[in-house]
Amino acid sequence: MYDTEKLGTDVNQNDTKISARNVQVYYGDTHAIKDVNVDIGSKAVTAFIGPSGCGKSTFLRCINRMNDTIDVCRVEGDIKIDGEDIYDKRVDPVQLRAKVGMVFQKPNPFPKSIYDNIAYGPRIHGLAKNKAELDEIVEKSLRRGAIWNEVKDRLHAPGTGLSGGQQQRLCIARAVATEPEVLLMDEPCSALDPIATAQVEELIDELRDQFSVVIVTHSMQQAARVSQKTAFFHLGNLVEYGDTSQIFTNPKDERTESYITGRIG
Amino acid sequence: MTDASLPNAGATPKSGSLHEIDARTKKRNAAEKRFRVYGVAAIATGIIFLIVLLFAILTNGLGAFHQTFISVPVYLDEAKLDKKGNRNIDDIKKVSTFGYNPLIQKAVLKAVEDAGIETPLTKSKNMKALVSASAAAQVRQAVIDNPALIGQTVEFRFLASSRVDGYLKGRVHREHLARDKNIDAEHLDIVDGLLPSGVVKKSFNPAFIFGADASESRAEQAGIGVSMIGSLFMMLVVLFLALPIGVAASIYLEEFAPKNRWTDLIEVNISNLAAVPSIVFGILGLAVFIQFMHLPQSAPLVGGLVLTLMTLPTIIISTRASLKAVPPSIRDAALGVGASKMQSVFHHVLPLAAPGILTGTIIGLAQALGETAPLLLIGMVGYIASNPPGGVVEGLMSPNSAMPAQIYEWAKRADPAYYERAWGGIIILLIFLISMNTLAVLLRRRFERRW
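Residues numbered from 1 in each chain as written. Chains lettered and ligands numbered in written order. Predicted model: local features only at pLDDT ≥ 70, side-chain atom pairs only at ≥ 80, totals over all residues. Heavy atoms only, no water.

The subject of this paragraph is the overall build of chain B. Looking only at helices and strands, one finds 18 helices and 3 strands in chain B. Whereas a compact globule of 451 residues would reach a radius of gyration of roughly 22 Å, chain B reaches 33 Å, over 25% beyond that. Here chain B, with 451 residues, has 44% of them falling under the buried criterion. Long-range pairs, those at least 24 residues apart, make up 77% of the contacts in chain B with a sequence separation of at least 6. Taking the average location of the 44 positive side-chain charges in chain B and that of its 35 negative ones, the two points are 7 Å from each other. (Helix = DSSP H or I, 4+ residues; strand = E, 2+ residues; numbered from the N terminus. Rg over C-alpha atoms; globule rule 2.2 N^0.38 Å. Buried < 20%, exposed > 50% of the residue type's maximum accessible area, 1.4 Å probe, protein only. Contact = heavy atoms within 4.5 Å. Lys, Arg positive; Asp, Glu negative; His and termini not counted. Charge placed at Lys NZ, Arg CZ, Asp CG, Glu CD.)

Quick look at the interface of chain A and chain B now. On the side of chain B, 18 residues touch chain A, which itself brings 22 residues to the contact. Summed over both partners, the interface of chain A with chain B buries about 1,700 Å², with 62% contributed by carbon and sulfur atoms. It is F110, P111 and Y120 of chain A that lose the most area in chain A upon contact with chain B, and together they represent 30% of the buried surface on that side. At the boundary of chain A and chain B, one finds 0 salt bridges. At the junction of chain A with chain B, the criterion picks out 4 residue pairs in polar contact (both at pLDDT 80 or more). Elements with a contribution of two residues or more to the side of chain A that touches chain B: α3 (93–99), β6 (100–103) and α4 (114–125) of chain A. (Buried area = accessible area lost by both parts, 1.4 Å probe. Salt bridge = Lys/Arg side-chain N within 4 Å of Asp/Glu carboxyl O. Polar contact = N/O pair within 3.5 Å; in protein donor to acceptor, adjacent residues only side chain to side chain.)

For helix α9 (residues 225–256) of chain B, built from 32 residues, the straight-helix expectation of 46 Å at 1.5 Å per residue is met to within 8% by its first-to-last C-alpha distance of 45 Å. The largest bend in α9 of chain B comes to about 25°, at A242 of chain B, with the proline P244 of chain B one to four residues further on. (Expected span 1.5 Å × (residues − 1). Bend = angle between axes of the 7 residues up to and from the residue.)

Bringing the pairing of strand β10 (residues 237–243) of chain A into the picture now. Residue and element names in this part refer to chain A. Bridge count for strand β9 (residues 229–234) against β10 is 6 bridges, and the pairing is antiparallel. Note that in β10 the partner of T230 across the bridge is G242. In this antiparallel pair of consecutive strands, β9 and β10, the connection spans 2 residues, and L235 shows a positive phi of 50°. (Pairing = 2+ DSSP bridges.)

Residue and element names in this part refer to chain B. Counting 53 residues, the largest nonpolar core has V302, L375 and I428 as the members making the most contacts within it. Every element with two or more residues in this core is listed here: α8 (206–210), α9, α11 (278–292), α12 (300–324), α14 (341–369), α17 (403–412) and α18 (416–447). Top element by residues in this core is α18. It accounts for 11 residues. In contact with I428, other than residues within four places in its own chain, are F65, F208, I209, I224, M228 and M403. Core analysis: the second largest hydrophobic core is formed by 44 residues, I104, L121, A142 and L149 among them. (Core = buried A, V, L, I, M, F, W, Y, C linked by side-chain atoms within 4.5 Å.)

Moving on: the pattern of salt bridges. Residues and elements named next belong to chain B. Summed over all chains, the structure comprises 40 salt bridges over all chains. Here D415 makes a salt bridge to R163, at a shortest N to O gap of 3.8 Å. Note that D415 is positioned in the loop between α17 and α18 and R163 in helix α6 (residues 162–168), a separation of 252 residues in sequence. The pair formed by D415 and R163 is uniform in burial state, with each residue classed as buried.

So, on to the confidence of the model for chain B. For any part of a model where pLDDT is low, the fine detail of the predicted coordinates should not be relied upon. Residue and element names in this part refer to chain B. Mean pLDDT over chain B stands at 89; residues scoring 70 or higher make up 96%. Per-element mean pLDDT across chain B ranges from 84 in helix α2 (residues 78–81) up to 95 in helix α1 (residues 23–61). Reported confidence for the predicted complex is 0.85 by ipTM and 0.82 by pTM. (pLDDT = per-residue confidence, 0-100.)

Okay, the state of the cysteines next. Residues and elements named next belong to chain A. Within this structure, the stated rule accounts for 0 disulfides over all chains. Looking at C73, it has no disulfide partner, and the nearest cysteine sulfur is the one in C62, 6.1 Å off. Relative accessible area serves as the criterion here: at 14%, C73 is assigned to the buried category. With no disulfide of its own, C189 lies 12 Å from the sulfur of C171, the closest cysteine sulfur. By relative accessible area, which is 8% here, C189 ends up buried. (Disulfide = S-S within 2.5 Å.)

What follows is about the packing of aromatic side chains. Residues and elements named next belong to chain A. A complete count under the given rule lists 10 aromatic pairs over all chains for this structure. Each ring, one from F48 and one from F59, has its centre 5.6 Å from the other, and the planes form 45°; the classification is tilted. Residue F48 is found in strand β3 (residues 45–49), and its partner F59 is found in helix α2 (residues 56–63); the two are separated by 11 residues along the sequence. For the residue pair F48 and F59, the accessibility class agrees, reading buried in each case. (Phe/Tyr/Trp six-rings, centres within 6.5 Å; stacked < 30°, edge-to-face > 60°.)

Attention shifts here to the domain arrangement of chain B. Put simply, an interface is often sized by how much accessible area is lost when its parts join up. Residues and elements named next belong to chain B. For chain B, the domain assignment lists domain 1 (66–204) and domain 2 (225–447). Each of domain 1 and domain 2 was reduced to a C-alpha centroid, and the two centroids are 45 Å apart. On the domain 2 side, the residues contacting the 6 residues of domain 1 number 5 residues. Here domain 1 meets domain 2 over a buried area of about 370 Å², counting both sides, of which 33% is carbon and sulfur. In terms of residues, the side of domain 1 that touches domain 2 owes the most to one element, α6, which gives 3 residues. Here the side of domain 1 that touches domain 2 is composed, by residue class, of no nonpolar, 2 polar and 4 charged. (Domains from an automatic or database assignment. Nonpolar A, V, L, I, M, F, W, Y, C, P; charged D, E, K, R; others polar.)

On to the sheet that holds β6 of chain A, then. Residues and elements named next belong to chain A. Taken in spatial order, the 6 strands make up an open sheet running β6-β7-β8-β3-β9-β10, and their pairing is mixed. In this open sheet, the two edge strands, each paired with only one partner strand, are β6 and β10. Adjacent strand axes in the sheet meet at a mean angle of 15° when their direction is disregarded. The strands touched by helix α7 (residues 164–177) within the sheet are β6 and β7 (182–186), with β6 carrying the most contacts at an inclination of about 170°. (Axes fitted to C-alpha atoms, helices over the stretch in contact; angles between N-to-C directions.)

On to the packing of α7 of chain A against helix α8 (residues 194–207) of chain A, then. A pair of packed helices is captured by two measures, namely the crossing angle of their axes and the spacing between those axes. Residue and element names in this part refer to chain A. Taken N-terminus to C-terminus, the directions of α7 and α8 make an angle of 20°; their axes are 9 Å apart at the nearest point. When the axis of α7 is compared with that of α8, the two are roughly parallel. Considering the relative orientation of α7 and α8, their crossing is right-handed. Listed contacts from α8 to G165, R169, I172 and V176 of α7 are A196, Q199, V200, L203 and L207. Here the residues of the contact of α7 with α8 are counted per class, giving 6 nonpolar, 2 polar and 1 charged. (Parallel < 35°, antiparallel > 145°, perpendicular 65-115°, else oblique. Left-handed = near helix turned anticlockwise from the far one by under 90°.)

Bringing the environment of A191 of chain A into the picture now. Residue and element names in this part refer to chain A. Along the polypeptide, A191 turns up in the loop between β7 and α8. A191 sits in the partly exposed class, given a relative accessible area of 48%. Separated by 48 residues in sequence, A191 and V239 place their C-alpha atoms 27 Å apart. A191 has contacts with Q105 and P107, leaving out every residue within four places of it along the chain.

Within the chain, R65 of chain A stands out as a residue other than glycine whose phi angle is a positive 55°. The residue R65 of chain A is located in the loop between α2 and β4 (73–81) in this model. For R65 of chain A, a relative accessible area of 12% gives the class buried. One non-glycine residue, R87 of chain B, adopts positive backbone phi at about 55°. Along the chain, the position of R87 of chain B falls in the loop between α2 and α3 (89–94).

This is the structure in structure tokens:
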């Protein structure tokens, strides 16, 4: 038994949003994440970098318990958001995911209208009392997603008809529509061209004002551009975690240095 | 001008020219050509079989839609039909069909005489062989419906007997008449004589499509309509049971059930059930629904239940396949915005899988519609003389047949006139199956979403 209230106050003093302690993840017999400890700050962008298969996406998906949907996946250790253990028995993952939004690698709008894509989350969580409020939420979310001007005249056109970059911004708008506190992004730009990537990066920078953003990326330049903190994962271990500028200019660990200079990965 | 060509360009290639095909390539190309020929041959064989089949069905079956009719004015004699003369409906009903036969035969004889046909058959009784035995019932019904007709001369159109019909369709030959007790050469002479005036005429017979089955001796009267209604009620039972049960089972197995030994076992068994011979389901239905649950024999309800058991695996397999085909990214997206598992399934996955589910269901229904074997065992095959049911309960519970069972029954009967009707029934059954499959294709085209 732990006293979550007390722990919570401790953590909040350090302005930490998410704190992970001794997190282990197993896929069947495979030990995918080994003993990860990390504190992710609130209202900042944290980047997870590392070679393919190093566990950064797996760890990201632990934060909103998307791994629950995988039968063979087992998570050990503590992950706390605002001091509350999200793997506690009392936590309903559905409620958690409303608080921790997620944007996926491949843009995955629902095959419905742009309006319905955004309105879906607020509808199922009962965030709008009437149509006018819902309209307002949709507009606000699309503005936050920096896509309002492009779609305001065709809100009832299918979301799947947009270009890849627009689709991804639509997905970001959809994720922020439920007013989450944390936004997880799993390689959000890997399917986008450089121009769309630049737009999404700009957007991430703006989102920092309201959300704690955690982004997994393969591009070290992107991590350097958008994040304040960077975590380097290698073979399931969190090798190094610190200020982005420090990680890229003065890494402490040899493996980090090898990776950012292109010798491994 | 810039010379951008490679230093070696234009020189003779070292190993063979590209303009000459080497032996190995030749061999490969020949093998490919042979394979294409095999493919074309296989498809051509298939098409030839299909054409032969369609040709056989159409040449044998189209005749069933045309029937020979005899149109004659019948004098409805008051002395015979209403002796008391007070038009009391109860008295009129007392006169059985036997009372009507002489009137009809007289009317036909008069038509023969009017046409000036020389024939040794001068008695009205001799005309019996020309007219269907259903004629008397037809006149009687007309009189009961409208007693005011008594005493008048009314034009009736009777079905000709199946021998007359067969003669005009080329099924009954004069050389074989010696062995036929039902008709003589003189009758056929009369038929020949009545043809020009249009008294005897072949025309379209809607009663074949909408009518009820008839006894062995009245082939001309038999229709597939009532068994079509039997099939319809069975399909309703299948649709209302198999679709919800099948879809619910598939959704649970595909989206919610843990993957363990039990679900694996269930999965294997569903696949096996799809391959179980349908007669096994028939005997299961006999044992469970009729002998144990005491549901009525020959009832479309029981037939529908048996066919539901048979169709379920088909629906489950196709529904699971279409659920699997929905990209996982859609599920992730729904869960990611905080939808529950059930919301993600019902709001997003199911609508996307719906066209596939519908298609699978229609194909399953079509399969059930054409199924005969299980019906043998629950008593839906045989001469089931029923009229169209009056309501839904009667339709489900009263004895009836089904289209394929009716076709089987006709093909089994001795009178060659039924052979033609069996083929005609097949045409109607095929029309149903083709339209159901077309509907399935159209639905899939209409609602399919692409990513």
